[in-house]
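Breakdown of the fold
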Amino acid sequence: MVRFIIRRLLVAIPTLLAISLAIFLVLDLAPGDPTGNLPLTVPPEVREAMREAMGVNEPIMVKYGLWLRQFFFIEPQYIFEDITGVEIFDYSDKVNNPPPIRILSWQSRAPVFDTIIERLPQTLWVLGLSYIFGALVAIPLGIITAYNQYTWIDNVGSFFALIGYSVPTFVLGVLFIYVFAVWGGWLPTFYDPLLEVTSWETFVLQIKQIIMPVTVLTFFNAAVISRFMRSSMLDNLNLDYVRTARSKGLTEWGVVMVHVVRNSLIPVVTLLALQIPGIFGGAIITEQIFKINGIGQLLITAIQNGDIPAVQTITFIFAILIVLFNIVADVLYGILDPRIRYD
Amino acid sequence: MKKSLFIVLFALVGIMLVACQPQVVEVEVTRVVTETETVVEEVVVEVEKEVEVIKEVEVIQEVEVAGGARGIGDRLTLIYWQAPTNLNPYQSGGTKEIEASSPIIEPLARFDETGKLVPALAAEIPTLANGGFSEDLTTITWTLKEGVLWSDGTPFTADDVVFTYEYCIDPATGCGSSNLFEAIDTITAVDDTTVEIIFKDPRPYPYEAFVAHTAPILQRAQFGDCVGAAAAQCTDENFAPIGTGPYVVAEFLSNDSVLYVPNENYRDPNKPYFSEVFMKGGGSAEDAARAVLETNEADYAWNTQVPPEVLSAMELAGNGKVLNSFGTCVERIMVNFTDNSPELGDDRSLYLDGENPHRFLQEPAIREALSMAVDRGTLTTIGYGNLANPTCNVVPAPSAFVSTANNSCLTQDIEGAKALLDEAGVVDGDGDGIREYNGIPLNILYQTSTNAVRQQYQALIKQWWAEIGVETELRNIDASVFFGGDPSSPDTYAKFYADVEMYTNCASGQDLQGYLGSWLPGEIPGPDNSWGTSNVPRYVNDEYVALHETLTQTGDPDERAEIVKQLNDILVQDGVMIPLTHRGSVSASGNDILGVRINAWDSELWNIADWSRAEN
Amino acid sequence: MAAVTPASLSAQEQEDLGEVRTLWQDVWIQFRKHKGAMAGLTILTLLILFSFVGPFLYTVDPQYSDLTALNQESSLDHFFGTDAIGRDLFAMMMAGGRISLMVGFTAMAISIVFGTTIGILAGYFPVLDGPLMRITDMFFALPILPLLLVVTLLFRDTLRTIMGPELGIFVMIVTVMGLLSWMSTARVVRGEVLSVKQAEFVTAAISIGTKRRRILTRHIFPNVLGPVMVASAVGVANAIITESALSFLGLGFPSDFPTWGRLIFEGRDYMRLAPMRVFWPGIAISLTVLSVNFIGDGLRDALDPRLRGK
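These notes cover the structure that comes with them. (Residues numbered from 1 in each chain as written. Chains lettered and ligands numbered in written order. Predicted model: local features only at pLDDT ≥ 70, side-chain atom pairs only at ≥ 80, totals over all residues. Heavy atoms only, no water.)

1. A word on the interface of chain A and chain B
The condition that has to hold: Contact criterion: two residues are considered in contact whenever any of their non-hydrogen atoms come within 4.5 Å of each other. Buried area is a sum: the accessible area each of two parts loses on coming together, probed at 1.4 Å, counted once for each and added. As used in this structure description, the phrase polar contact means that two N or O atoms lie within 3.5 Å; if the pair is within protein, one of them must be able to donate a hydrogen and the other to accept it, and residues adjacent in sequence are counted only when both atoms belong to side chains. Note on conventions: DSSP H or I runs of at least 4 residues are helices, E runs of at least 2 residues are strands, and numbering of each starts at the N terminus.
Counting from both sides, the interface comprises 63 residues of chain A and, opposite them, 76 residues of chain B. Here chain A packs against chain B, burying approximately 5,700 Å² in sum over the two surfaces, 61% of which is carbon and sulfur. Sorting the residues of chain A by area buried against chain B places Leu 40, Phe 190 and Leu 194 of chain A first, and these three jointly supply 13% of that buried surface. Here chain A and chain B share 16 residue pairs in polar contact (both at pLDDT 80 or more) between them. Those elements that place two or more of their residues in the side of chain A that touches chain B are helix H2 (44-54), helix H4 (112-147), helix H6 (169-183), helix H7 (200-237) and helix H10 (295-304) of chain A.

2. What about empty space enclosed by the protein?
For the record, the criterion: Using a grid of 1 Å spacing that covers the protein atoms alone, one calls a set of points a cavity when a 1.4 Å probe fits there but cannot get out, and a pocket when the set is open and has protein on both sides within 12 Å along at least five of seven lines; lining residues are those with an atom within 4 Å of a point. Grid points are joined across faces, edges and corners, and a volume is the space filled by probe spheres set on the points. Three residue categories are used. Nonpolar comprises Ala, Val, Leu, Ile, Met, Phe, Trp, Tyr, Cys and Pro, charged comprises Asp, Glu, Lys and Arg, and polar comprises the others, including Gly.
This model, assessed by the stated rule, comprises six cavities of 30 Å³ or more. In this structure, the largest cavity occupies an estimated 70 Å³ of space. Around the largest cavity, the lining residues are Ser 105, Gln 107, Ser 108, Val 112, Thr 115, Leu 298, Asp 307 and Ala 310 of chain A together with Thr 85, Ser 254 and Asn 255 of chain B. Across the lining of the largest cavity, the residue classes break down as three nonpolar, seven polar and one charged. Pro 188, Thr 189, Phe 190, Tyr 191, Lys 208, Gln 209, Met 212 and Phe 290 of chain A are the residues that line the second largest cavity. With three residues, the top contributor of residues to the lining of the second largest cavity is H7 of chain A. Taken together, the residues of the lining of the second largest cavity break down into five nonpolar, two polar and one charged.

3. Topic: the interface of chain A and chain C
Where the parts come together, the accessible area they lose is often given as the size of the interface. Threshold: One speaks of a salt bridge when a side-chain nitrogen belonging to Lys or Arg is within 4 Å of a carboxyl oxygen belonging to Asp or Glu.
In this assembly, 42 residues from chain A lie in contact with 40 residues from chain C. When chain A packs against chain C, the two sides together hide about 3,700 Å² of surface, and 77% of this comes from carbon and sulfur. Across the contact surface, chain A and chain C share one salt bridge. For Arg 227 of chain A, the salt bridge identified is with Asp 297 of chain C, shortest N-O distance 3.2 Å. At the junction of chain A and chain C, the tally comes to four residue pairs in polar contact (both at pLDDT 80 or more). Those elements that place two or more of their residues in the side of chain A that touches chain C are helix H1 (2-29), helix H5 (152-166), H6, H7, helix H9 (252-290), H10 and helix H11 (308-336) of chain A. The element that contributes the greatest number of residues to the side of chain A that touches chain C is H1 of chain A, accounting for seven residues. Classifying every residue of the side of chain A that touches chain C by side-chain character gives 32 nonpolar, eight polar and two charged.

4. Structural notes on the pattern of salt bridges
Note the following rule: When a residue's accessible area, from a 1.4 Å probe over protein chains only, is under 20% of the maximum for its type it is buried; when over 50% it is exposed; and in between it is partly exposed.
With the rule as written, the count across this model stands at 36 salt bridges over all chains. Of the charged contacts in the structure, one is a salt bridge between Arg 267 of chain B and Glu 106 of chain B, with a shortest N-O distance of 2.9 Å. One end of the pair, Arg 267 of chain B, is in the loop between strand E8 (257-262) and strand E9 (276-280); the other, Glu 106 of chain B, is in the loop between helix H4 (95-101) and strand E2 (109-111), and 161 residues separate them in sequence. The class for Arg 267 of chain B is partly exposed, based on a relative accessible area of 24%. Judged by relative accessible area, Glu 106 of chain B falls into the buried class, the value being 5%. Among the ionic pairs, Asp 491 of chain B bridges to Arg 475 of chain B, the shortest N-O distance being 2.6 Å. Of the two residues, Asp 491 of chain B is situated in the loop between helix H15 (479-482) and strand E17 (500-505) and Arg 475 of chain B in strand E16 (residues 471-477); the sequence distance between them amounts to 16 residues. Across the pair, Arg 475 of chain B and Asp 491 of chain B agree in class, each one buried. Overlapping salt bridges bring together Lys 291 of chain A, Glu 286, Asp 287 and Arg 290 of chain B together with Arg 268 of chain C as one network.

5. Considering the packing of H4 of chain A against H7 of chain A
Residue and element names in this part refer to chain A. In plain terms, the rule: All axes are obtained by fitting lines to C-alpha atoms, using only the stretch in contact for helices, and the reported angles, taken between N-to-C directions, cover 0 to 180 degrees. Note on convention: the crossing is left-handed when the near helix lies turned anticlockwise from the far helix by less than a right angle, right-handed when the turn is clockwise.
H7 packs onto H4 with a crossing angle of 35° between their chain directions and a minimal axis gap of 5 Å. The two elements H4 and H7 meet at a crossing, and its hand is right-handed. In terms of residue class, the contact of H4 with H7 is made up of 24 nonpolar, seven polar and one charged.

6. Focus on unusual backbone geometry
All names here are of chain B. Here Lys 271 and Pro 272 are connected by a cis peptide whose omega angle stands at -5°. With respect to the element layout, Pro 272 can be found in the loop between E8 and E9. For the peptide bond that leads from Ala 397 to Pro 398, omega is -10°, which places it in the cis range. Counting through the fold element by element, Pro 398 comes out in the loop between strand E12 (388-390) and helix H13 (414-423). A positive phi is found at Arg 538, a non-glycine position, where the angle reads about 60°. In this fold, Arg 538 is placed in the loop between helix H16 (512-516) and helix H17 (542-553).

Given below as structure tokens:
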């Protein structure tokens, strides 16, 4: 198993390098300009000087090489410094002996990683909660609808799952805002990232500002997961071992809950792991609608402002996540399903 | 079962958050409010009377005895839907960063909402009259206020002013306002409170460096190590500049929110009123307007440029009001004087010493007819409601500089335009409904940036031009490309691969001389300057050049105003551009916020020290 | 052979015969029994008629702005009212539906053609299997939505300049979506090909000397059609949602293209004054996706031999 993981990780490295180069080339071809959104009162010469200072005009391969070095060598060292407090770099003389430059956003001229780390918790909270709630709703729903296949219970359950799957999150989100925040006035429309939960009141406020995005995403996640669960259950319910279990005289509850559900959960759990990078995509839209300062929103503003280093870094992190969770899914499958052995 | 899990999970979330955050000590201030309310209002009145600043400072010092009114208010919530990415305006050049930094760092002098210069860190405005500005127009001497402290408690001195110049003028800093400092030859700190600036050439209008929100003073002690290439390493400094303004940064989340708290060393001990100011970004202009006007979540929303009928419907909710104020911004159509035919290849839209005239827009009658056919009133009402005005001028403000010679264009005249074209021999020869000029049909490619209002303008103007026999093809380009400076992109406004294009432009502050200098022949964009100059119409007129030269030699304000009007009239009457709408800044403010004076010449938060909340 | 049960024998017979006539008839019979799928098919047909035939009956130009009728409510003149510059929303809904549906189906077609080709090649030729699946894995690792956002925003103007306003943007969005979504089809098809290749009828065909191309077109292709059809239904639904999400973020089609997503984006400002401006396109997107998903469900059930005859 360990050897399998190591091999997968080693194979992932060239893949990721190829992806990073592809993303870099695509972005370099783009006609955007990081100073394009400045007021017209800023004269072109000044813009040119600013672009020069950002390093926009460097040749592509120089930029790519620098970025690779920053992403894989410099940033990890800074993160190490951040976590341990040990100073690797010399900060005593910033002018004559500056520490190595990190990946800087063209918008804020600040390290992209700092902004990402600052924004990660918001994204993780919303996504994590909606994923957990989604699974909690979906798995029982999948079991019930599959067990009662083609009855009215199944029809109603599957219909709602399909609706959750078909109504785009942005339509639902806009609807929620207007019903609960504007028309009803019960919930805030802006998310306050500086809110500190110190008392019951602030706790309630925190719930109020997070409940809409979490609900919208939960709805979608539940729909997706319950469809997985249902079809996985259906695959298992017709198999021989179920018949064997029944013929052994087990109670129906025992047959379904112990045997079928456990076996059906194996592919669902792997699918859950595979889906995780995908739901980061969903975060882009939800964060934009509910004004949450997460990673997705950062990506959108970066794209709109031609902030190539930020776009490059965030997209690449998404790619790493996908590769990583693919491996996790495979490993989970190996652990859960005794028929599969990795050697 | 599911429900209880839900609650347990949230409780867990809560416990973890509590564990992570330090306790905030709340200060009870309710009883002081009544007393200080009057004080604050007094000061506002004082400022409005525009008494001399030195007196004002004395008044304020008297108030101090009356007792600490600083920070007695609650939280002021501002929505800046385009959120600031950092708080050092020199590192960004963008309006949102300049706005967000203005409660923290200050210039020597500011513009008030009427466009008049008022001192900020300077003791007074140096003028020809008070001798602060030399008769030969080359030397300006700023005297600073005594006893001003930085928010870290150290004294603010003339040396910091000199430093700001050094910081911004270094090309490797990538300073977004370096153009404001370029005219300076030498700058010296004569003593702690005197700065002497000598310009390279005579400058009749010397109020650019260290004036207004685009050129505030940075502290040498903080930014000393951040000059030149080292500027990129100064994230901590850029995210929390030390300033002299009423507020300091408590927390900053790039591209999302800023939390300000009062500056304990602010020069007026009774200000600012609010105990914290929270600036939140995200969403759209409409979300921002709604948060103030309808849901009452916020107190002030910046740049709430939404469809007028939507805004007025929101205003009916009664929580706040829409404010607007006018600078020099005019939405206009620029006319291309050079030929942009694709067949020309690399010579498209190049001036080529006058060898590449436009196929038909060289004909003055056509340019005039295009202008006459437009109903500016309808356009403006549809696009902006009563928050903007139709205009026929390139220079629509300040009032002393506004020409009245062109106001006839405010009435649409389709028939007149047709007659004009007929008279000039531009008629529809082949009966296809489109007029020809020397056999060339009047097909116009009309480009602008992607923006709902601009596309509304395009659609309407296309219909009107069709009525006078001009066919129009519309094109819109994403703003970041259109206004971008990529010399390899064919779609920038400076490349101008179209017959006409539409955008808004404004003078930088009140520098009308520099603004009108945009349309001099030396400013024609082309490959030699990477399309980096401002004479976008490729306009050449010797009369205009001579008149502008006179302007640069003239010091007398009245004479200057007269010349500006004449320059404006040449641009408009010669059809170089078709001004459409005088746009203002639009913002929304809660009803209970006092002291807001929306300002198009400076930051909207220029007087945030004076803001307070009315008692219920 | 002795272990063959009567049931599977009859299934085998059925399939052999189905190759000539009854397989797709059988699928259709199964499909018709699926109420959701039939409802989906009806709704989708209605939406297609609305978007493509509607303009011939309701001849208002969606681009024309009637300055005398700005921001109108629903009326007999304008069924869904007008927008801020007096464009007819009903006409815009039809025009938008055309674009949205075309985007959905074209992007799906591209991704299916691509995915099927790669899947068949990888499954049938062992030499190609390794490299092709490596490429598929790499594409799987691409973050689709972020990349789509980046690519569309950054390149739409360049393409518009090259190919003209209508075609350029359409081609780009469709190609990008197609090229970023073929991977799962390729995997499914490859799996199917691998298993069909082992089936007795293929072995038999090879043993009597049938040409490779004939085996591919006659034996393998029909067998992978089933999973491909299910994949295409999902593909259409995903493409329509993705396109409208892009437009909703203001990053997809530019403002003069009234796609359904774009109409929601522009109607949002008017949500309070005229909620129907968001409601109608929202309903349209949801209904389309719902019906396509139902059709996909129906197809899957109909194509699943284990469910047949129930």
